[in-house]
Every structure is written in C-alpha cells, then in structure tokens.
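# Working through the structure, step by step
Letter by letter, the chains look like this.
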Amino acid sequence: MTIYDIALFKAPPDDSNENDKYATFLRDKGHNVKLIPVIQFTFINQQDLHSGLSKVDEYDGIVFTSVRSVQAVHGIQNNQQYLAKKRIYVVGETTEAAVRNKLNLESEGSHCGSAESLA
C-alpha cells in the first residue's frame, strides 16, 4: 500500500480534547496527516444570550441545534442554574453529547437528526 502525506484543510474538532475523525481515519489507514485549521470561530451577541438565559422562565423549553450553540451557552457563567428546570431538546447525537458533557444536562430529540424532524 502506498503511504501518502496528506494536508487536511478544515476546522479543528469542536472539543480540543477530541481527535478529528477524518485525520484519525486517514492515520488508521497508514497515511501521514497534518490538520491545517482554516477557520476560527468567535461568538457574538454574548450579552444578548446572557439576557435570554436570565429570562429562561419565559420559555417552556430550549432547543440546541448545534454544538456551537452549546459552546456559546457554556461560555456564559452560571448557565446551568437557568437551564436545570427546563426541557432541553437537541438536534443530533453530537449536540446531545455536547449538552451532556459541557452543560451536565439531559436532553431529548437526538434521534431526530434535523430541525425539521424535531418539529
């Protein structure tokens, strides 16, 4: 088998402790892989998010549609107190894992796979 040196241009994994699945796959096949990050993500509207979380009693539930949305909420101090009594819905298994690991909350809907299915 030919072994290749591969440059993988993509965003790094959402969790810095997580290995990139594409890089892992290629390395498992014996290739040399260098992951080159091509984007950097910055959260905006943190004050609006904090304000929304502080009014969580006005909502019946919270829907997380992505890991990034979970990361944004995780970045707000004391967010668990706002969310602990709410029904939490997620779109997809990766988002479910992020809610569990980052926010220490249980959620529903991971099997739906898309916002359309969740609705």
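Now for a look at the structure at hand. These numbers were taken from a predicted model, which means no experiment stands behind them. (Residues numbered from 1 in each chain as written. Predicted model: local features only at pLDDT ≥ 70, side-chain atom pairs only at ≥ 80, totals over all residues. Heavy atoms only, no water.)

### With respect to the packing of aromatic side chains
Summed over the entire model, instances satisfying the criterion amount to 1 aromatic pair. Ring centres 5.1 Å apart and planes at 75 degrees place the aromatic pair F41 and F43 in the edge-to-face group. Judged by relative accessible area, F41 falls into the partly exposed class, the value being 45%. Given a relative accessible area of 31%, F43 falls into the partly exposed group. In this structure, R68 packs its charged tip against the face of F41, placed 4.5 Å from the ring centre. (Phe/Tyr/Trp six-rings, centres within 6.5 Å; stacked < 30°, edge-to-face > 60°. Buried < 20%, exposed > 50% of the residue type's maximum accessible area, 1.4 Å probe, protein only. Lys NZ or Arg CZ within 6 Å of the ring centre and 35° of its normal.)

### Some thoughts on the pattern of salt bridges
Taken as a whole and judged by the stated rule, the model has 2 salt bridges. In this structure, the salt-bridge partner of E108 is R87, at a minimum N-O distance of 2.8 Å. A residue pair is termed long-range when its members are at least 10 positions apart, and E108 in the loop between α5 (93-103) and α6 (115-118) and R87 in strand β4 (residues 87-90) qualify at 21 residues. Residue class for R87 comes out partly exposed when judged on its relative accessible area of 45%. (Salt bridge = Lys/Arg side-chain N within 4 Å of Asp/Glu carboxyl O. Helix = DSSP H or I, 4+ residues; strand = E, 2+ residues; numbered from the N terminus.)

### Topic: α5
Buried residues of α5: T95, A98, V99 and L103, and no others. In a view along the axis of α5, the buried residues occupy a sector of 100 degrees, so they form one face of it. More than 90 degrees from the buried face of α5, the exposed residues found are E93, T94 and N101. Where α5 terminates, the next one or two residues include N104, which has phi positive at roughly 55 degrees. (Arc of directions from axis to C-beta.)

### Side note on the nonpolar core
Counting 16 residues, the largest nonpolar core has F64, L83, I88, V99 and L103 as the members making the most contacts within it. Those elements that place two or more of their residues in this core are β3 (61-64), α3 (67-74), α4 (79-83), β4 and α5. Among residues more than four places away in sequence, those in contact with I88 are I62, F64, L83, V99, L105, E106, S107 and E108. (Core = buried A, V, L, I, M, F, W, Y, C linked by side-chain atoms within 4.5 Å. Contact = heavy atoms within 4.5 Å.)

### Overview of the packing of α3 against α5
Relative orientation of the contacting elements α3 and α5 amounts to 15 degrees, with a least axis distance of 8 Å. Here α5 runs roughly parallel to α3, going by the angle between their axes. Considering only the axes of α3 and α5, their crossing is right-handed. On α5, the residues touching V67, V70, Q71, V73 and H74 of α3 are T94, T95, A98, V99, K102 and L103. Across the contact of α3 with α5, the residue classes tally to 6 nonpolar, 4 polar and 1 charged. (Axes fitted to C-alpha atoms, helices over the stretch in contact; angles between N-to-C directions. Parallel < 35°, antiparallel > 145°, perpendicular 65-115°, else oblique. Left-handed = near helix turned anticlockwise from the far one by under 90°. Nonpolar A, V, L, I, M, F, W, Y, C, P; charged D, E, K, R; others polar.)

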